[in-house]
Structure formats: structure tokens, C-alpha cells
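For reference, the chains in residue letters:
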Amino acid sequence: MKFGVPKESDVGEARVALTPNSAKFIKKLGHECFIQSGAGVAARFSDQDYVDAGVTVVKSAKELWQGSDFVAKVRPLNENDEALAQSGQTVISLFYPAQNEGQLERTRAAGLNIIAMDMVPRISRAQKMDALSSMANIAGYRAVIEASNNFGRFFTGQITAAGKVPPAKVLVIGAGVAGLAAIGAATSLGAITYAFDVRPEVAEQIESMGAEFVFLDFEEAAQDGATTGGYAAPSSPEFRAKQLEKFRELAHEIDIVITTALIPGRDAPKLWTADMVAAMKPGSVVIDLAAERGGNCDLTVKDEKIESENGVTIIGYTDFPSRMATQSSELYSSNIRHMLTDLTPEKDGQINHNMEDDVIRGATVVYQGDITFPPPPPKVRAIAAQKPKIPAKSAKELRAEEAASRKQASRKKAMLLVFGGLLMAVIGMYAPAEFMQHFIVFVLSVFIGFQVIWGVAHSLHTPLMAVTNAVSGIIILGALLQIGEDVPIVRVLAIVSVAIATINIVGGFMVTRRMLQMFQKS
């Protein structure tokens, strides 16, 4: 099959749907790769880079469209693309079918098959094809970089001979993919980072990244605020009022606000109002990642950077991924080639458009003359599907269960002690005295190792606090007892045992130290 990628013709779009790295994988699937000359230049991929990767470079968009069976793009089809497209071709790109009903009908009438990368279902198997998450990840990171470029201070606090510089305070609203990427970038730069999301289950993720979760004292906040598609569900008016009240409390002390709240196909909710902007200090920055759908901030202007009357910079750019075109293209083209991998299961260059496959069916919006959007729900559960609610137990029931558990554990220990005592007595009746001496030491060593290791919570286990080290301790203890024997072979084996067990224990110390250093701020 001939796989072609034209140059993006939308103004300001620097991304490309095929990179030299991805082309190598696509060729292994049995496909021929073609690309329009200059398509990757804005993303810093020259025509020669593609030639070196085995891609055929064609001169014009017309030649590429006419010679390709399968065409991949970043942006949705524009008028020029629709005019060049051939009946029977399959086009894979971002499409946004819920907002482009007219284009859905036009592409159906033109005989095109459309795979929308923004419609990939959010299930575990499809994560590698999730272009929305790939681009949101870059947008969140770039938002922090853009904020630092427009903020007049360091992100991290400093104490210098010239005076003290306080750390910047960053508030991230929405802890989806973009929000978590922004949190990671802000904390790594040393800012004091706060984050809010209507889904309380993400609090642990936020705190694990070094940010502080902003809790609301509201009953609805304790409920699951996620939809089965992995997005936050719309909030009630009462919850929204409480939410805005909390933001007003924070506005005067926050230096940078990054808003990411957006559900595909819906207008962005207004979460950072004009009075909150007015409460912010001069020099503060608001980055609105929902600007394409109206913005989360009242003052956001799409694709522009403005300054409020009190000196707050508000940025409503919609091309954050395109501002990091090289990285964005690598990730997006990787999403494309993973989709092609599913479409080419035999790796023979033949497309198998299996509409029984959850991922392919979910992403296909036009197929063989029919509009197949919206897709049916996937057969498997979504990533953020709601967990079944388990009824809470009363304190009395919990205490009763705990007492029963302790009683059962005590009974088991008593039975083990009785059994062990009987076993020792039987062995002592027939075994020689030398054997019993060493056997008792062995049993005590195993018992001590068991108590040391099994008494530690699993979450605290490290290469140092591991079962292998308990075994190594037993080996060393036994070897030390034998190292003074007169038999040469026994002495040699004891020395070798001590050396090998010591290597394991010392290695545990070294690896554990390195693990702990990963969690220490330099």
C-alpha cells in the first residue's frame, strides 16, 4: 500500500504526520512511504532525512494525493485537500467530527474513508495511538515554558547576596494529561504548585508529583467526577459556585494560572473570571489551554497575548504543540504508525480495516459511503471508568473484623510453635548432637530473617530490604560457623559463600542509596 503525507497547508502549522524514525517502522509493515517536498522542514526534518529513511519525496501535493492509497495529515482536511482527495482513499488525521458535520457529509459523498485520530477510544490498549493525549502532554509542558517566558521572576526561590527571591506560586486547573504535564514542569522548575480537579481520585497523582491538591469542602467533591471517557464530568451549579469561591480566595497569592479544563465537543467552562484576574498581582500570567473553545478565562482572546488593566498577561495561543514541532511530530507520527500496525496485522502491506476492533471502529468516522460517527461504546471498560462503590463499614464492624483477624493470627502462630516444637523433639531423638547444634542455629537464622523482612510493609521494600538479603544473612551466618573447620573444602566453600552473600548485601545498599537520591531535590 502507498502511504503518503502532504505538507500541512494551514497557516502556522509546523507539524508533520511522518518523521524519518516512524517511516522506518511503517516500511517494515510492508507499506511504501511518500512525502511532499518540504513537508518536514518546519519541524526540522529535511527532504534528505526522509530519503535516507527510504521515503520517496514527491514535488507537489497533487502528485502525492493522486499516487497514495492512504494519506496521513495533522490538521483536518481543508478545501484544497478535499479537492485533491481521490474516491476510495483512506485519510487519517485529527478531524473533530462532532464539530464538523458538514465535512463528514462531504467526505462521505466524495467516497473517502476517514480515521479520526482524536476519536481513538480511551482504553488501555489504545494509549499508544491516543494523539489527543500526546498533544496535550506537549501543550501542558509548553504552557509552563511560555509562562516562564512572560513571568518577571525565577520559578524557584533563591537567597543571594543581593536579597531573597520568593518562589513562584502556580495554580493548575484541571489535572488531565495537559494538567499533569504542567504540574511536572512547574515543580521541576522549583515553583510552589497547586492543582485542582473535579475528580478527587487524581489527588494522589497530583501529590505524588510534588504539588498540593486544592480540596473543596463540598459533598459533591467527594464523588467520582469522571466520565467513562476519561474526561471530567460537568459539575452542578452549586459545585461550580463553591469552586469559584475557592479560586477567588487563591487569586491574590497566585503568580501563574494554567487552565486546562475542556471536554471535546463542548464550550470551555469559565473558571477564571475577570474579578479573579483583577485580584492578581501585576506581572502575573494566565495561560489558557482551552482558548480554542472560548477559554476558561473571561478575558482570553483566541490566538493572542493580551495584558489586563492591572498588568496581568493572558495568553490564549492554540498552537502550543506546533511551537514544539519536532517533538510533537515525533509523538504524533508514532501514534499514526501504531494505528497502521493495527490496520496491518499481517505486516504484508495490506490494510485490514476491521470494524469489529474497538480501536479501529471508534476512530473510524466515515467508511465505505457511510457516516459511522458516533461509534458504539467500546466493549472493554474505559481507562477512567467509574469504580464500583463499596458500602462503607461502621467503626464497630471494622473493630470486630480487626479483633477477629488478630485472634486468627494468634491461633496460627500457636499452632506453628506447637508443630515446630514437636518436629524438633522428633529430630532430637534420632539426630547426632553436632547436627542438632547446627540445625538449631539454622532455624534461628531463618526465624530472624523472617521477622526482619516480613515485618516490613510491601510498599517500603527496596533492594536492601528484600527477601534475598534475608537469605544472604542466613548464608553468611552459616558460613561463619563453618569457616573454622579443619576440612579444607568446607573452609573454601564457607569463604566463597561469605563473599557472594556480601556482594548481594552491599549491592542492595548501593542500589537503595541510588533510589533514595532520585527522590531528593538537588
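Since the structure is predicted, the reported quantities are computational estimates derived from the model, not experimental observations.

**Comments concerning the overall build of the chain**
So, step 1. Across its full length, the chain holds 16 helices and 17 strands.
So, step 2. Sequence separation of 24 or more characterises 63% of the internal contacts of the chain that already satisfy a separation of 6 or more.
So, step 3. Total accessible area computed for the chain in this model is approximately 28,100 Å², and 59% of it derives from carbon and sulfur atoms.

**Re the packing of helix H1 (residues 20-28) against helix H11 (residues 325-343)**
So, step 1. H11 packs onto H1 with a crossing angle of 10° between their chain directions and a minimal axis gap of 9 Å. Classified by the angle between their axes, H1 and H11 sit roughly parallel to one another. Taken together, the residues of H11 that come into contact with H1 (itself represented by Asn21, Ser22, Phe25 and Ile26) are Glu330, Ser333, Ser334, Arg337 and Leu340.
So, step 2. When its residues are assigned to classes, the contact of H1 with H11 shows 3 nonpolar, 4 polar and 2 charged.

**Some remarks on the environment of glutamate 307**
So, step 1. By the secondary structure assignment, glutamate 307 is in strand S14 (residues 305-307).
So, step 2. Glutamate 307 sits in the exposed class, given a relative accessible area of 58%.
So, step 3. When the C-alpha positions of glutamate 307 and serine 284 are compared, they lie 9.8 Å apart, and in sequence the two are 23 residues distant.

**Some points on the sheet that holds S14**
So, step 1. On the basis of which strands lie adjacent, the open sheet formed by 7 strands has the order S11-S10-S9-S12-S13-S15-S14 and mixed pairing. Of all the strands in the sheet, just strand S11 (212-213) and S14 have a single pairing partner and so form its edges.
So, step 2. With 2 bridges connecting them, strand S10 (residues 192-196) and S11 associate as parallel partners. From the neighbouring strand, alanine 195 faces S11, where its bridge partner is phenylalanine 213.
So, step 3. Across the sheet, helix H6 (residues 131-150) touches strand S12 (256-259), strand S13 (285-288), S14 and strand S15 (313-315), and the angle it forms with S13 is around 155°.

**Let's talk about the sheet that holds strand S1 (residues 2-5)**
So, step 1. Taken in spatial order, the 8 strands make up an open sheet running S3-S2-S1-S4-S5-S6-S16-S17, and their pairing is mixed. Looking along the sheet, the strands with just one partner apiece sit at the ends: strand S3 (56-58) and strand S17 (370-371).
So, step 2. Running at roughly 140° to strand S5 (residues 90-93), H11 makes contact with S1, strand S4 (70-72), S5 and strand S6 (113-116) of the sheet.

**Re the packing of H6 against H11**
So, step 1. Two elements in contact, H6 and H11, have axes whose closest approach is 9 Å; the angle formed by their N-to-C orientations is 165°. When the axes of H6 and H11 are compared, the pair comes out roughly antiparallel. Note on packing geometry: the crossing formed by H6 with H11 is right-handed. Listed contacts from H11 to Ala131, Ser134, Met135 and Ile138 of H6 are Gln327, Ser328, Leu331, Tyr332 and Asn335.
So, step 2. Here the contact of H6 with H11 is built from residues that sort into 5 nonpolar, 4 polar and no charged.

**Looking at unusual backbone geometry**
So, step 1. A cis amide bond links phenylalanine 373 to the next residue, proline 374, at an omega of 0°.
So, step 2. Phi is positive for aspartate 303, which is not a glycine, with a value near 65°.
So, step 3. You can see aspartate 303 is positioned in the loop between S13 and S14.
So, step 4. Even without being a glycine, lysine 347 presents a positive backbone phi close to 55°.
So, step 5. Looking at the secondary structure, you find lysine 347 in the loop between H11 and helix H12 (358-363).
So, step 6. Classification of lysine 347 by relative accessible area gives exposed; the value is 54%.

**Focus on the pattern of salt bridges**
Here the idea is simple: oppositely charged side chains can pair when their charged atoms come close.
So, step 1. A full pass over the atoms with the stated rule returns 18 salt bridges.
So, step 2. Residue lysine 246 pairs with glutamate 249 through a salt bridge whose shortest N-O separation is 3.8 Å. Pair noted here: lysine 246 and glutamate 249 are both in helix H9 (residues 237-251), with a separation of 3 residues, about one helical turn.
So, step 3. Through salt bridges that share partners, Glu8, Lys73 and Asp81 make up one connected network.

**Considerations on the confidence of the model for the chain**
So, step 1. Residues at a pLDDT of 70 or more form 88% of the chain, whose mean pLDDT is 87.
So, step 2. When the criterion is pLDDT under 50, residues 382-387 qualifies, and its contacts beyond four places in sequence or with other chains add up to 16 contacts.

**Here's the deal with helix H7 (residues 177-188)**
Owing to its 3.6 residues per turn, the α-helix brings residues three or four apart onto one side.
So, step 1. Under the 1.5 Å per step criterion, the end-to-end length of H7 is 17 Å for 12 residues, consistent within 8% with the ideal 16 Å.
So, step 2. Looking only at H7, the buried set comprises Ala178, Gly179, Leu180, Ala181, Ala182, Ile183, Ala185, Ala186 and Thr187.
So, step 3. Where H7 is buried, its residues contact H6, strand S9 (169-173), S10, helix H8 (203-208) and S12.
So, step 4. Immediately beyond the C-terminal end of H7, within one or two residues, lies glycine 190, with a positive phi of roughly 95°.

**Quick word on the nonpolar core**
So, step 1. If you look at the biggest cluster of nonpolar residues, it comprises 41 residues, and the most contacted ones within it are Phe3, Leu18, Tyr332 and Met339.
So, step 2. Residue contributions to this core peak at 6 residues, all from H11.
So, step 3. Discounting chain neighbours no more than four positions away, the residues touching tyrosine 332 are Ala17, Lys73, Val74, Ile92, Ser93, Leu94, Met117, Ala131 and Met135.
So, step 4. With 29 residues, the next largest nonpolar core counts Ala168, Ala185, Ala186 and Phe213 among its residues.

Cut-off values and rules
- Residues numbered from 1 in each chain as written.
- Predicted model: local features only at pLDDT ≥ 70, side-chain atom pairs only at ≥ 80, totals over all residues.
- Heavy atoms only, no water.
- Helix = DSSP H or I, 4+ residues; strand = E, 2+ residues; numbered from the N terminus.
- Contact = heavy atoms within 4.5 Å.
- Areas by Shrake-Rupley, 256 points an atom, 1.4 Å probe, with all protein chains shown as cover.
- Axes fitted to C-alpha atoms, helices over the stretch in contact; angles between N-to-C directions.
- Parallel < 35°, antiparallel > 145°, perpendicular 65-115°, else oblique.
- Nonpolar A, V, L, I, M, F, W, Y, C, P; charged D, E, K, R; others polar.
- Buried < 20%, exposed > 50% of the residue type's maximum accessible area, 1.4 Å probe, protein only.
- Pairing = 2+ DSSP bridges.
- Left-handed = near helix turned anticlockwise from the far one by under 90°.
- Salt bridge = Lys/Arg side-chain N within 4 Å of Asp/Glu carboxyl O.
- pLDDT = per-residue confidence, 0-100.
- Expected span 1.5 Å × (residues − 1).
- Core = buried A, V, L, I, M, F, W, Y, C linked by side-chain atoms within 4.5 Å.

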